[in-house]
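Architecture at a glance
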Amino acid sequence: MDGHPNASPSRGRLAEWLRAHAPELLFALLLLAVLPMRDLWAPDEPDFAQCVKEMRLRGDWLLPYLNGVPYSEKPILYYWVMKGSSVLLDALTGGLGFAQGVAAWALRLPSVIAAVAFLSAFRRWAVRFLEPGTAEPAALVLATTPLWFWQAQFIQIDMLFSALLAWSWLAWLGGYLLLRGHSAEATPGEHRRWFLKAYFWLALAFLAKGPLAPVLSVLVLAAFLTWQKDLAVLRRAGIVAGLCLTLLLVAPWYVAAGLKGGAHYAYELIIFQNFQRATHAWDHIQPWWRYFEYLLGDFFPWVLLLPAFALAAAAAGAGGAKVQAQLVAFRGLIRLMALALGAGTVAVAVLAWRRRSRRLVPAAALSLGLLYLVGGTWGFRLLDPQKSYRRWTVAVQPLIAGRQVFYWQTIRSGVMVYTDHLMPELRRAEALEALDPEARLVAQRSEWEQDAWGMTPALRGRFEVLLAVPTGGGEILLLRRRP
């Protein structure tokens with residue numbers, strides 16, 4: 001120690017830094033532990049993986065492709081970060097865990113990074129603008145909210161979009177608080193920089209999920225300023241500069257993509273995926289009261305008794321013989337999770353009874369973190385064989401080598417992501433009747449056995465099933481037309 005006079009201060013600074021960043025560091029470790037525990041799960045992960053695979057095969061950074069066709073579902077930002085992550089980690093690891101140019105863990109890293117980065121930024125923002133002592137509990141609550149944990153380790157655009165949009169709103173609110181004197185400026189004109197940050201991150205959110213970002217922002221801003229009775233602040237909030245910055249960042253890709261993809265792609269990207277979906281929704285349609293169920297499941301883990309009782313009831317045999325038969329393979333996992341959450345509930349109750357309020361949130365967060373760790377490692381490993389498409393791929397690959405392969409109705413990308421085949425969609429009965437007997441057809445059994453889209457029992461009878469593989473709660477068929 002005497003020979004290293006700076007050792008102790010250095011260790012002290014490191015310990016202080018670790019304590020200051022404990023929520024995001026622990027959250028990052030949790031996500032990294034869970035990250036490689038499962039393969040691509042439908043419905044979204046195989047689609048995004050296939051898009052990145054096709055972008056890499058084409059060497060294209062301008063448009064995403066799915067099944068050989070430009071994919072208009074979302075703008076480009078998420079595809080850029082996924083492709084960048086995939087290319088970089090493929091090179092750095094020598095292809096570790098990659099199959100057909102795809103690795104689920106590499107494609108999940110953008111969601112992990114977005115979640116951890118926002119958590120860190122949110123904690124620093126709370127230190128600056130909220131009451132002392134608020135930042136760490138707020139960060140712990142956010143990190144252990146079920147929806148946040150799930151989206152942080154899932155290949156889906158929602159985490160990146162939410163992090164960008166929420167940070168844009170927090171940056172604008174920071175500028176507002178500084179402008180109105182609710183918080184002291186560190187340097188003259190600091191509020192203007194916060195407003196510009198807000199518009200910069202809003203532009204990136206626009207590039208991630210389209211016009212939904214500014215539409216939601218306008219609605220939230222209007223509600224906030226009406227509540228504050230302060231619409232006059234808009235004159236000093238840099239709205240014109242923000243609009244110019246947003247256009248500067250967003251317009252070049254939209255113009256270039258529209259020129260390369262053509263008029264149909266531009267229509268799908270701008271009109272169909274935004275205005276058409278807003279006015280004539282065709283998916284995610286639920287009655288209004290279902291939002292209360294989502295709220296309970298996605299945002300309400302802090303009533304620890306509810307999930308603890310549900311897990312304990314399942315472990316004790318509730319639900320009847322049918323439910324218990326489905327849970328046989330998961331019984332040990334359920335018991336361990338019920339025990340962990342029950343212990344956490346008791347710990348929180350004891351702390352509340354002893355009036356140790358400052359320890360309530362960390363205790364609840366620790367309990368939930370352990371629950372996610374057990375479920376995200378052991379639980380995901382148990383579920384993965386049922387949901388992964390690798391078993392299907394291994395079985396089907398020798399039967400489709402060197403052949404044309406088609407898909408009946410809308411493609412589920414998992415059926416092709418680990419093969420070297422694209423599978424053009426067939427959606428009319430006439431196309432089935434014209435199919436070459438040497439070609440192969442893939443279908444979900446549930447869709448194949450429907451008398452819809454021109455399908456009839458007689459037409460089905462002209463095909464024979466070569467392979468049937470249970471996957472993801474359904475069954476995938478490989479068929480050929482009888483000569």
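What to know about the overall build of the protein chain
Along the protein chain, the regular secondary structure elements total 20 helices and 7 strands. For the C-alpha atoms alone, the extent of the protein chain along its principal axes is close to 80 × 60 × 60 Å. Of all intrachain contacts in the protein chain linking residues separated by at least 6 positions in sequence, the fraction that spans at least 24 positions is 69%. Accessible surface, the protein chain as shown: approximately 25,000 Å² in total, 66% of it carbon and sulfur. With 47 positive and 33 negative side-chain charges, the protein chain shows a separation of 7 Å between the mean positions of the two kinds.

Observations concerning the nonpolar core
Core analysis: the largest hydrophobic core is formed by 111 residues, its most contacted members being Phe-27, Trp-172, Trp-392, Val-415 and Val-442. Broken down by element, this core gets its largest block of residues, 15 residues, from helix 8 (residues 157–179). Residues within four places of Val-415 in sequence aside, it is in contact with Tyr-389, Trp-392, Tyr-407, Met-423, Val-442 and Ile-476. Listed in part, the 15 residues of the second largest apolar core include Trp-408, Leu-435, Ala-439 and Phe-463.

Considerations on the sheet that holds strand 6 (residues 463–471)
Overall, mixed pairing links the 5 strands, which are arranged 4-3-5-7-6 in an open sheet. Either end of the sheet is taken by a strand with one partner, and the two such strands are strand 4 (425–426) and strand 6. The pairing of strand 3 (residues 405–408) with strand 5 (residues 440–444) spans 3 bridges and is parallel. Across the sheet, the residue bridging to Tyr-407 is Val-442, located in strand 5.

Quick look at the pairing of strand 6
Within a regular strand, side chains alternate between the sheet's two faces. For strand 6 and strand 7 (residues 474–481), the ladder comprises 8 bridges, and the chain directions are antiparallel. Note on strand 7: the bridge partner recorded for Ala-468 is Leu-477. Linking strand 6 to strand 7, which pair antiparallel, is a turn of 2 residues; within it Gly-472 sits at a positive phi near 60 degrees.

Looking at the packing of aromatic side chains
The description of an aromatic ring pair uses the distance of the two centres, along with the angle that the planes make with each other. If you walk through the whole model with that rule in mind, you get 22 aromatic pairs. Ring geometry for Phe-48 and Tyr-79: centres 5.8 Å apart, planes at 45 degrees, overall tilted. A residue pair is termed long-range when its members are at least 10 positions apart, and Phe-48 in helix 3 (residues 45–58) and Tyr-79 in helix 4 (residues 77–93) qualify at 31 residues. Given the relative accessible area of 9%, Phe-48 is considered buried. Look at Tyr-79 and you get buried, because its relative accessible area is 0%.

Some remarks on the pattern of salt bridges
Taken as a whole and judged by the stated rule, the model has 19 salt bridges. Taking the shortest distance from any N to any O, the salt bridge between Lys-74 and Glu-73 comes out at 3.6 Å. With a relative accessible area of 25%, Glu-73 lands in the partly exposed category. Across the pair Arg-128 and Glu-190 runs a salt bridge whose closest N-O atoms are separated by 2.9 Å. Of the two residues, Arg-128 is situated in helix 5 (residues 104–129) and Glu-190 in helix 9 (residues 190–209); the sequence distance between them amounts to 62 residues.

Brief notes about the packing of helix 2 (residues 22–34) against helix 5
Helix-helix packing is described using two parameters, namely the angle between the two axes and the distance between the axes. The contact between helix 2 and helix 5 brings their axes to 9 Å, and the two run at 170 degrees. In this view, helix 2 runs roughly antiparallel relative to helix 5, as classed from their interaxial angle. In this structure, helix 2 uses Pro-23, Glu-24, Phe-27, Ala-28 and Leu-31 to contact helix 5, whose residues at the interface are Val-112, Ala-115, Val-116, Leu-119, Ser-120 and Arg-123. Here the residues of the contact of helix 2 with helix 5 sort into 8 nonpolar, 1 polar and 2 charged.

Re unusual backbone geometry
Backbone phi values are negative for most residues with the exception of glycine, while trans is the configuration of most peptide bonds. At the junction of Ala-42 and Pro-43, the peptide bond is cis and its omega measures out at 10 degrees in the coordinates. Unusually for a residue other than glycine, Trp-453 sits at a positive phi of about 60 degrees. Overall, the relative accessible area of 39% leaves Trp-453 in the partly exposed class.

Concerning the pairing of strand 7
Where strand 5 and strand 7 come together, 4 bridges link them in antiparallel fashion. Residue Leu-441 lies in a different strand from strand 7, and its bridge partner there is Leu-479.

A short note on the packing of helix 6 (residues 135–143) against helix 16 (residues 360–387)
Closest axis-to-axis distance for the helix 6/helix 16 pair is 9 Å, and the angle between their directions is 25 degrees. As far as their axial angle goes, helix 16 and helix 6 are roughly parallel. Pair helix 6 / helix 16 crosses with left-handed handedness. Across the interface between the two elements, Pro-137, Leu-140 and Val-141 from helix 6 touch Val-361, Pro-362 and Ala-365 from helix 16. A per-class count over the contact of helix 6 with helix 16 returns 6 nonpolar, no polar and no charged.

Side note on a positive patch on the surface
Together, Arg-192, Arg-193, Lys-197 and Arg-236 line one region of the surface with positive charge. Following the sequence through the fold, Lys-197 ends up in helix 9. For Lys-197, a relative accessible area of 37% puts it in the partly exposed group.

With respect to helix 17 (residues 390–400)
Residues lying three or four places apart along an α-helix face the same way, a consequence of the helix completing one turn every 3.6 residues. Within helix 17, the full set of buried residues consists of Trp-392, Thr-393, Val-396 and Ile-400. The buried side chains of helix 17 occupy one side of the element, clustering within an arc of 90 degrees when seen end-on. Turned more than 90 degrees away from the buried face of helix 17, the exposed residues are Val-394 and Pro-398. Positive phi shows up at Gly-402, right after helix 17, with a value of about 75 degrees.

Rules behind the numbers
Residues numbered from 1 in each chain as written. Predicted model: local features only at pLDDT ≥ 70, side-chain atom pairs only at ≥ 80, totals over all residues. Heavy atoms only, no water. Helix = DSSP H or I, 4+ residues; strand = E, 2+ residues; numbered from the N terminus. Contact = heavy atoms within 4.5 Å. Areas by Shrake-Rupley, 256 points an atom, 1.4 Å probe, with all protein chains shown as cover. Lys, Arg positive; Asp, Glu negative; His and termini not counted. Charge placed at Lys NZ, Arg CZ, Asp CG, Glu CD. Core = buried A, V, L, I, M, F, W, Y, C linked by side-chain atoms within 4.5 Å. Buried < 20%, exposed > 50% of the residue type's maximum accessible area, 1.4 Å probe, protein only. Pairing = 2+ DSSP bridges. Phe/Tyr/Trp six-rings, centres within 6.5 Å; stacked < 30°, edge-to-face > 60°. Salt bridge = Lys/Arg side-chain N within 4 Å of Asp/Glu carboxyl O. Axes fitted to C-alpha atoms, helices over the stretch in contact; angles between N-to-C directions. Parallel < 35°, antiparallel > 145°, perpendicular 65-115°, else oblique. Nonpolar A, V, L, I, M, F, W, Y, C, P; charged D, E, K, R; others polar. Left-handed = near helix turned anticlockwise from the far one by under 90°. Patch = residues over 30% accessible without salt bridge, like charges linked within 9 Å, V, L, I, M, F, W, Y side chains within 5 Å. Arc of directions from axis to C-beta.

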